[in-house]
Amino acid sequence: MIKIQPVLRIIGFLLIFLGAVLIIPLIFSLVYQEADSISFLITIILSLIVGTSLVLLFRNRDDIRYKEGYAIVTFGWIVLTIFASLPYIITGVVDSYTDAFFETMSGFTTTGASIFTDIEVLPNGILLWRSMTNWLGGMGIIMLSLAILPFLGVGGMQLFKAEVTGPLTDKLKPRIKETAKILWTVYVTISALEVIILQFAGMSLFDALCHSFATMATGGFSTKNQSIAYFNSPIIEFIIIFFMVIAGTNFSLHYRFIKGDLLSYFKNSEFRFFCYIMFIAFLAIFINNLIVQDYDIFDNFRFVLFQVVSLMTTTGFGTADYESWHLSTNVILLILMFIGGSAGSTAGGLKVLRVIIIIKFIFQELTKLIHPNAVITLKIGDIVIEKSIVSNILAFFIAYLLLAILGIVAMSLLGLDIWSSIGCVATTMGNIGPGFGMVGPTQNYATIPDLGKWILSFLMLVGRLEVFTVIILLAPSFWKK
């Protein structure tokens with residue numbers, strides 16, 4: 001049976017951590033002398049009071065097993081979203097808690113779907129907090145806690161597996177705490193580098209900070225209504241393209257590159273396939289747009305490249321209205337949304353590694369039909385993929401598609417047309433943001449019915465925590481001995 005005390009205790013520590021993090025947007029708010037500072041102060045106090053109370057009431061230091069790990073990650077993300085959404089309500093920038101919760105869940109899950117119709121009127125503290133929710137959720141809130149809170153080392157592997165993205169868990173060090181530290185150090189370092197480069201390209205410090213947070217998390221929250229199109233700068237676009245590719249790549253490869261393995265990317269079959277998919281999609285849409293659209297060659301090149309990388313990495317930044325492109329290009333973009341980025345990256349979607357394994361498994365089964373006595377091993381590079389992992393991936397794929405279908409049906413019943421229903425489900429489950437139809441790149445989620453926003457919030461969480469981490473809690477047997 002699941003042990004509730006250690007779950008509540010660690011959630012208490014996470015709330016204390018949230019209260020500490022909220023000091024950063026509070027400082028920005030005070031510097032800019034804006035009225036939203038009181039909202040951050042109130043949220044900090046509430047988070048610290050509730051968090052401290054949970055820590056003091058539940059002092060049980062029992063080991064964290066896999067059941068507690070799943071519960072801590074899922075309920076931890078939900079509880080943090082509940083508290084982190086309070087600044088939106090207290091400041092009054094949203095009218096309902098549903099909208100506040102949706103915006104915050106969208107931030108933490110790095111979805112980037114927004115209910116705001118005019119982002120530029122928001123106070124700077126709120127804008128920074130939106131981008132910070134992206135950034136914190138990108139590498140993982142629990143992952144950060146593992147890196148800085150020593151007591152989470154007990155049972156840390158269960159927490160790591162429950163939150164990390166991808167079918168294979170890549171431990172860079174024997175101890176999970178050390179792996180978490182390495183990944184977050186790489187994450188912070190690359191984020192800081194992007195901030196500096198964007199400033200040289202012409203962005204203000206504040207815009208560079210917010211857009212770097214959103215880029216490295218593949219979250220897509222912008223400080224501008226037109227997203228990256230506002231800057232109308234090819235240099236800024238190419239810089240962000242570069243960092244979106246980095247964010248959509250397995251972070252263990254970045255660590256190995258920094259440590260001196262300069263060929264780490266090219267030796268990795270997932271990274272190569274990731275690049276192949278983007279190149280083929282870019283080429284197909286580029287040629288199509290040359291025939292159909294009225295862009296010159298350079299504008300066509302930059303707009304198509306940006307949108308392909310943005311949607312493949314599930315970042316969701318925009319420089320062009322891709323819905324105005326030919327339907328065939330929209331279908332290609334939809335496929336990219338479902339595939340997503342690499343395992344171990346901050347990107348959402350199915351993950352490239354799962355797609356590779358599914359394709360290899362299909363060819364393996366076809367080969368067995370032709371050569372029944374052949375002994376065939378499924379490998380990714382030099383790694384042999386065990387049958388249990390293949391079974392898990394196939395189950396994940398089926399569960400992902402079933403949830404997507406149920407989500408599309410639910411949104412259709414709420415009055416959305418089929419293209420909008422597909423768009424909003426694909427982009428929330430894939431943690432992308434902009435979709436198609438009424439939630440397209442020039443639209444937002446403000447007009448979605450409240451029940452629809454709660455459904456989509458659930459799909460965002462399911463997509464970010466890799467389906468099983470969340471839905472396993474819905475199984476009655478999970479709560480039994």
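A quick note: this is a predicted structure, and the numbers were derived from the prediction, not measured.

How each quantity is defined
Residues numbered from 1 in each chain as written. Predicted model: local features only at pLDDT ≥ 70, side-chain atom pairs only at ≥ 80, totals over all residues. Heavy atoms only, no water. Salt bridge = Lys/Arg side-chain N within 4 Å of Asp/Glu carboxyl O. Helix = DSSP H or I, 4+ residues; strand = E, 2+ residues; numbered from the N terminus. Buried < 20%, exposed > 50% of the residue type's maximum accessible area, 1.4 Å probe, protein only. Contact = heavy atoms within 4.5 Å. Polar contact = N/O pair within 3.5 Å; in protein donor to acceptor, adjacent residues only side chain to side chain. pLDDT = per-residue confidence, 0-100.

Colleague: What is the right way to read the pattern of salt bridges from this model?
Modeller: Any two side chains of opposite charge can pair, given that their charged atoms come close. Tallied over the full model, the rule gives 9 salt bridges. A salt bridge links Asp 207 to Lys 224; the shortest N-O distance between them is 3.8 Å. With a gap of 17 residues between them, Asp 207 in helix H11 (residues 205–216) and Lys 224 in the loop between H11 and helix H12 (234–247) connect regions that are remote in the sequence. Note on Lys 224: relative accessible area 14%, which makes it buried.

Colleague: What's the story with the environment of Trp 129 in this structure? I'm lost.
Modeller: With respect to the helices, strands and loops of the structure, Trp 129 is situated in helix H7 (residues 124–139). Here the alpha-carbon distance between Trp 129 and Thr 104, two residues 25 residues apart in the chain, equals 9.4 Å. When residues no more than four places from it in sequence are discounted, the contact partners of Trp 129 are Leu 18, Val 21, Leu 22, Pro 25, Phe 40, Ala 84, Pro 87, Tyr 88 and Leu 136.

Colleague: How should the side chain of Ser 191 be read in this particular structure?
Modeller: On the secondary structure map, Ser 191 appears in helix H10 (residues 176–200). Classification of Ser 191 by relative accessible area gives buried; the value is 4%. Polar contacts involving the side chain of Ser 191 include one to the side chain of Trp 135, which spans 3.0 Å. Contact partners of Ser 191, with chain neighbours within four places excluded, come to Trp 135, Ser 212 and Met 216.

Colleague: Could you clarify how one ought to interpret the confidence of the model for the chain in this entry?
Modeller: Scored by pLDDT, the chain comes out at a mean of 88, with 91% of its residues at no less than 70. Here helix H9 (residues 156–163) stands out as the least confident element of the chain, with mean pLDDT 51; H12 is the most confident, with 97. Below a pLDDT of 50 lies the segment residues 153–157, which in the model reaches 8 contacts outside its immediate sequence neighbourhood of four places, other chains included.

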